[in-house]
Amino acid sequence: MNEQKIVIAGAGGAVGKHLVAQLQDSHSLTLLTRSRAKLATSQVATASIEGDTSSLRIAEADVLRTDTLQGLLEGAHTVISTVGASLDLRAMSDKRSFMDVDFAGNSNLLEEAQRAGVRRFVYLSAFGAESMPTAYTQAHEALVRRLKASGLEYGIVRPTGFFYVNLEFLGMAKSGVASVIGNGRARTNPIHEADVAKACAELALKEGSTEMNIGGPETFTRQEIAELAFTVLGKKPRVMHVPALMPRVMKPLIAPFNKRIGDLVEFLGYVATHECVAPSYGEKRLEDYFRQQMQA
Ligand SMILES: NC(=O)c1ccc[n+]([C@@H]2O[C@H](COP(=O)([O-])OP(=O)(O)OC[C@H]3O[C@@H](n4cnc5c(N)ncnc54)[C@H](OP(=O)(O)O)[C@@H]3O)[C@@H](O)[C@H]2O)c1
């Protein structure tokens, strides 16, 4: 067991749960979650979390409430934060914006890390975020700037879209017709959540400050991803195209009621219509992921 203690914030999230599975046999971990009960149900099959042990501690904390963070990072060498407002449209009853959670919440965590004398902080932003004109990516990069000015060693991982986001296409294909924003010709190389976790773990264990842009092993147009969903279902593809302008028209109509959905619509509209191809890092294939999800 490695001596360096690692804190995983967002341990029950899509990337966080893979991080736990990848690091739990080699490192002493503290897992931050808002809900122990949710954490218990959201682990990957290879992880075994049955409660606190000598090398694993679970702590409930909300990064928006600094009082809940106090003391939790004492003695930690590295913090890995995958904390972020959800991109899942089904989790939108929580209306806090990306700026509220991704920036302000992670800033609270970073300040607590500085106070506790943590050596390294690893953060998950998004590929292309440095130059993307959307509120979601700007929130991520505002945190990156703060991290770089913090004096801590840092690791910044900027992945393309995760495989699970593309399950929307599988759902649409099941219903008979899938929609793609714009002409569908913009390319991307989506990445498996486990491969993103692997990159975060790699930077957590590396000396010095590093940034990493990563994507999956295969590049598709958006049209091809939609068609792949039909292929794995054994169906003839039926894809309709939503005008590229639509998300920009919708954002100001939605944002007064729910800023997060407004910002998400803006981001999804932007990435769907722009090339988003990062250096290949991941090993897992989207077709296999679709097939596994169908069997689950
Ligand atoms: N999805 C993509 O395609 C994509 C691409 C590039 C980058 N990213 C970024 O990668 C990061 C991780 O993504 P993910 O898909 O793993 O997200 P996720 O599954 O939604 O997990 C996010 C985690 O953040 C935690 N969290 C949210 N609000 C919190 C709060 N107030 N206090 C404490 N914890 C809080 C959640 O904790 P609970 O478990 O307690 O709810 C959850 O574990 C996000 O910042 C996301 O923007 C995503």
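Residues numbered from 1 in each chain as written. Predicted model: local features only at pLDDT ≥ 70, side-chain atom pairs only at ≥ 80, totals over all residues. Heavy atoms only, no water.

**Brief notes about the side chain of Asn 106**
Positionally, Asn 106 belongs in helix H3 (residues 98–116). Within the local environment of Asn 106, its side chain forms a polar contact with the backbone oxygen of Asp 102, the two atoms lying 2.9 Å apart. Once residues within four sequence positions are removed from consideration, Asn 106 is found in contact with Ser 81, Val 83, Val 101, Phe 121, Tyr 123 and Leu 143. (Helix = DSSP H or I, 4+ residues; strand = E, 2+ residues; numbered from the N terminus. Polar contact = N/O pair within 3.5 Å; in protein donor to acceptor, adjacent residues only side chain to side chain. Contact = heavy atoms within 4.5 Å.)

**Comments concerning the site of the ligand**
If you check the shell around the ligand, you find 30 residues, and the closest are Arg 34, Lys 38, Tyr 136, Phe 162 and Tyr 164. Contacts to the ligand include Gly 13, whose backbone N or O atom sits 3.1 Å from an oxygen atom. Interatomic distance of 2.7 Å between a side-chain N/O atom of Lys 38 and an oxygen atom of the ligand. For the ligand, whose unbound accessible area comes to 910 Å², protein coverage reaches 92%. Only H3 and helix H4 (135–148) provide two or more residues apiece to the shell around the ligand. (Near = heavy atom within 4 Å. Areas by Shrake-Rupley, 256 points an atom, 1.4 Å probe, with all protein chains shown as cover.)

**Some words on the layout of surface pockets**
Approximately 160 Å³ is the volume attributed to the second largest pocket. Lining the second largest pocket are Pro 133, Thr 134, Ala 244, Pro 247, Arg 248, Glu 266, Gly 269, Tyr 270, Thr 273 and His 274. Looking at the lining of the second largest pocket, the elements that each hand over two or more residues are helix H8 (246–254) and helix H9 (259–272). If one sorts the elements of the lining of the second largest pocket by residue count, H9 sits on top with three residues. (1 Å grid on protein atoms, 1.4 Å probe; cavity = no way out; pocket = protein on both sides within 12 Å on 5 of 7 lines; lining within 4 Å. Points joined across faces, edges and corners; volume = space filled by probe spheres on them.)

**Let's talk about the pairing of strand E2 (residues 27–33)**
Judged by how many residues are buried, E2 sits mostly within the fold: seven of seven residues are covered. With burial as the criterion, each face of E2 is covered, one bearing His 27, Leu 29, Leu 31 and Thr 33 and the other bearing Ser 28, Thr 30 and Leu 32. Sheet analysis places strand E1 (residues 2–9) next to E2, joined by six bridges and oriented parallel. Bridge pairing in E2 places Lys 5 opposite Ser 28. Assessed by its sense of winding, the connection that carries the chain from E1 through helix H1 (residues 16–23) to E2 is right-handed. (Buried < 20%, exposed > 50% of the residue type's maximum accessible area, 1.4 Å probe, protein only. Pairing = 2+ DSSP bridges. Right-handed = clockwise from strand over helix to strand, strands pointing away.)

**A few points about the pairing of strand E5 (residues 120–124)**
Taking burial as the measure, the five residues of E5 include five buried ones, the bulk of the element. Burial of E5 is two-sided: the residues Arg 120, Val 122 and Leu 124 facing one way and the residues Phe 121 and Tyr 123 facing the other way are all buried. In this sheet, E5 lies alongside strand E4 (residues 78–81) in parallel orientation, the contact comprising four bridges. Along E5, the bridge assignment pairs Val 79 with Phe 121. Bridge count between E5 and strand E6 (residues 153–159): five bridges; the pairing is parallel. Within E6, the residue paired with Arg 120 across the bridge is Glu 153. Traced from E5 through H4 to E6, the parallel crossover comes out right-handed.

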